[in-house]
Structures are given as structure tokens and as C-alpha cells.
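A closer look at the structure
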Amino acid sequence: EISQLSTKLSKQLNVLRNLQESLIVPSVARIVPSGEQKSFNNRVLLKLGLLESRVHLVGMHDAVWESGLEEEKETFESDIPYVARMMIERWRKSLYLP
């Protein structure tokens, strides 16, 4: 029962994520100037706190690399400080691995 519910939830979340990545993200990228996007991301990180901001940065990194878009990778590398970028793999392990 729990395994089936977990599988169903996972599939539903993947559908939502795919919709977000294919519809919402490109729309926002076209409409909202990159400076405003950057300012918004910074405000989100400040509001989240330490643990949640690490989760956010790991998720952003993974989404950018999964997209395969070189322009997005370059933007991530130029906008995210070096130290934070170097910590992403360590944060991923501490956040997601047992």
C-alpha cells in the first residue's frame, strides 16, 4: 500500500515538474528580465535560511545541468558564488544520502 502510494506520488510530482520546466520556466525567462530574476532568487535564498537555501541551490544546480543548456550553466556559474558552487556536491551528500 505505502509503496504503491509512494510510486503514484512520485509519478505525479514528475508530471508537475515536467510541466513547470516545459511551460512555466521558459515563460518566466522570456517575460521577466534576468536582473529581476536574479534579485528574486537572492531574496528567496535570504528568506529560506541555511538548510533550505542549500536544498534550493542543489536543486537549481541539478535542474540547470539536466537542462543541458550551456547558456544556463554559464549563468549559474557566473551568478552563484564560487564557494557555494564548490559546496554543492557535499551538500547533496549530506542532504540526500543516508
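Right above here is the structure, for reference.
A brief structural summary. (Residues numbered from 1 in each chain as written. Predicted model: local features only at pLDDT ≥ 70, side-chain atom pairs only at ≥ 80, totals over all residues. Heavy atoms only, no water.)

**Let's talk about the overall build of the chain**
Secondary structure summary: the chain contains 5 helices and 0 strands in total. In sequence order, the chain lays out its α and β elements as α-α-α-α-α. Here the chain holds 98 residues, and 13% of them are scored as buried. Looking at the chain alone, contacts between residues at least 24 apart form 43% of all its contacts between residues at least 6 apart. When the accessible area of the chain is evaluated, it comes to approximately 7900 Å², of which 60% is carbon and sulfur surface. (Helix = DSSP H or I, 4+ residues; strand = E, 2+ residues; numbered from the N terminus. Buried < 20%, exposed > 50% of the residue type's maximum accessible area, 1.4 Å probe, protein only. Contact = heavy atoms within 4.5 Å. Areas by Shrake-Rupley, 256 points an atom, 1.4 Å probe, with all protein chains shown as cover.)

**Some remarks on the nonpolar core**
Of all hydrophobic cores here, the largest spans 9 residues; its members are Leu57, Val58, Met60, Val64, Phe76, Ile80, Ala84, Ile88 and Trp91. At the level of secondary structure, the elements contributing two or more residues to this core comprise α3 (50-67) and α5 (82-96). (Core = buried A, V, L, I, M, F, W, Y, C linked by side-chain atoms within 4.5 Å.)

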